[in-house]
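# Descriptive analysis of the structure
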Amino acid sequence: MRRIDEITSEIEPPFAAVDLAAFDHNADDMVRRAAGVPIRIATKSVRCRELIARALRVDGYRGLMCYSLAEALWLHGEGLSDDILVAYPTADRSALRELAANPEAAAAISVMVDSTEHLDLIDAAVGRDRPDIRLCVEVDASWRPLPGVHIGTRRSPLHTPEQVRRFAEIAQRRAGFALVGLMAYEGQIAGLGDAPPGRPLRAALLRAVQRRSAAELAQRRAAVVRQVREVADLEFVNGGGTGSLERTAVEEGVITEVAAGSGLIGPTLFDAYRGFQPRPAVLYALPVVHRPARSVATLFGGGYIASGPPGADRVPAPHWPEGLGLLGTEGAGEVQTPVTGAPARGLRIGDRVWFRHAKAGELAERFDRYHLIDGGVWTVEEVPTYRGEGRSFG
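Residues numbered from 1 in each chain as written. Predicted model: local features only at pLDDT ≥ 70, side-chain atom pairs only at ≥ 80, totals over all residues. Heavy atoms only, no water.

You'll find the chain entered in an unreviewed UniProt entry as Amino acid deaminase/aldolase, with Saccharopolyspora mangrovi given as the organism.

Structure, rendered in C-alpha cells:
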C-alpha cells in the first residue's frame, strides 16, 4: 500500500485508485471457486467499462448482468458483449422502445420478468410489430421455513415450481416473446458474510440458516428447471453471487452459469466470509485538512455510506496507514471525516489516508475516474467510471 501511495503522490486527493494486481487476483480466484461454471459479470458492482472489459478477457467469464435496460443498451452499443441479462424488471418505456427498434440489441439482451403485468407493460410500450423480446423468468430464491417467515430478498412472487411453470406457459403463448432463461438469486446466502467479526452467535446462526436454505433451494431450483424445460427451450439458468459461487456451481445439470461482481472489487462487506477473501482492489484517498488534536486528523469529505440497512458495516473503513479508526461521534461525514489512533499523530496537513468502501460499485458514483495502478511496471492510467462518461442508471 505504501508503494501505491508513493506512485500516486502527484495526484490531488480525493481520488480513487484500482490495484490491478489485486483485481486480477480476485478475477482468477472467482474462476477457481466457480469450478468450471461460467461467470456472468454483475456490472453494477464494477461501473467502469475498462474494468468490465478487463474481467471479460479472463477465461471463465461470459456475458454481463446489468442493473437496468438502459445500461444494457449502452454497453451493447459500445461493443462490450452480445450476451446481456438485465437483472431487474424494467418499467423504462423509452428503453424498451429502443430495444425493440434495434434487432441486434433485441437478439443480445434478455429482460427480466415475473408476472403478466411485465408482459403487458412491454406490449403497451412497443406494440406487437417488433422482434421477439427475450425473457428471463426470475424465481424467488428466499427460504420460507415456516408460514409467514421470509428469509431473503423481496423480489419475485414466483416461489414454487408450479407457480413458475404456470407463468412460463403464459409467456410461451404470448406472441412477441421468447422465454430463454431462468434466474434465482439467493441473497440470503450470497450477500451475507458467514463470519461477522466479533459476533460468534450471529455467525453460527447465519451458517445454520444458509446450510438449510441452500439445501432447500437446490432441490426446489432443480424442480423448477425440470418443469420449465418441459415448456421452453432454456438457453441458461443463472444463480449465485460472489458469496455463494461454490455452493451454487455444484448444482450440476441445473445451473448453467453464476453471476458475480463484488468479488472483483473486494469491498469491506466481503471481509466477513470464511471460505474466501478478496483482496482490496479499489480504494480512495482523502487529504488531511485539520489537526484538531494530537491523536486526531480530520480529512476532507469521505462520507460515502453504502446502501442497505443502516449500520456500522455500511460505513467506509480506513485502510492505510494501518491502525486508524473513525470517531464514534462523527463517523464518515459529508464534508469531513476525522480519524484517530496512533498513526494519526504522524499525519500532517496534506497527507493522505486511504479508505475502502463497504460495497463494490457505489464508489464509482462518487468519482469521475479511476486511476489504474499496474504493479508490474508501477504505472498509472486514468479511465472513466460510468459517472465520468455521464452515465447513471440508479
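Let's shift gears to the state of the cysteines. Two cysteines form a disulfide when their sulfur atoms are joined by a covalent bond. In total, this model carries zero disulfides according to the counting rule given. With no disulfide of its own, Cys48 has Cys66 as its nearest cysteine by sulfur position, at a separation of 14 Å. You can see Cys66 has no disulfide; the closest cysteine sulfur is in Cys136, sitting 13 Å from it. (Disulfide = S-S within 2.5 Å.)

Taken as a whole, this structure holds 29 salt bridges when the rule is applied. Across the pair Glu230 and Arg165 runs a salt bridge, and its minimum N-O distance is 2.4 Å. Here Arg165 lies in helix α8 (residues 161-173) and Glu230 lies in the loop between α10 (200-229) and β8 (236-239), a separation of 65 residues in the sequence. Connected through salt bridges with shared partners, the residues Asp120, Asp123, Arg128, Arg130 and Arg174 form a single ionic network. (Salt bridge = Lys/Arg side-chain N within 4 Å of Asp/Glu carboxyl O. Helix = DSSP H or I, 4+ residues; strand = E, 2+ residues; numbered from the N terminus.)

The topology assignment puts Gly266 in the loop between α12 (262-265) and β10 (282-293). For the pair formed by Gly266 and Ala22, sequence separation is 244 residues and the distance between their alpha carbons is 8.7 Å.

As for its placement among the helices and strands, Cys136 is situated in strand β6 (residues 133-138). Note on Cys136: relative accessible area 0%, which makes it buried. Sequence spacing of Cys136 and Pro287 is 151 residues, and the spatial spacing of their C-alpha atoms is 46 Å. When neighbours within four sequence positions are excluded, Cys136 is seen to be in contact with Leu85, Val111, Met112, Val113, Gly181, Leu182, Met183 and Phe236. (Buried < 20%, exposed > 50% of the residue type's maximum accessible area, 1.4 Å probe, protein only. Contact = heavy atoms within 4.5 Å.)

In this structure, His357 sits in the loop between β15 (352-356) and β16 (369-374). A relative accessible area of 4% places His357 in the buried class. Every residue in contact with His357, bar those within four places of it in the chain, is listed here: Pro267, Thr268, Tyr284, Tyr304, Ile305, Ala306, Glu362 and Leu363.

A separate point is the packing of aromatic side chains. Tallying each qualifying case throughout the model produces 11 aromatic pairs. With centroids separated by 5.5 Å and ring planes inclined at 70 degrees, the aromatic side chains of Tyr67 and Tyr88 adopt a geometry described as edge-to-face. Of the two residues, Tyr67 is situated in the loop between β3 (61-66) and α4 (69-77) and Tyr88 in the loop between β4 (84-86) and α5 (93-100); the sequence distance between them amounts to 21 residues. Among the residues examined, Tyr67 registers a relative accessible area of 35% and is labelled partly exposed. Following the ring pairs from residue to residue traces out a cluster consisting of Tyr284, Tyr304, Phe355 and Phe367. (Phe/Tyr/Trp six-rings, centres within 6.5 Å; stacked < 30°, edge-to-face > 60°.)

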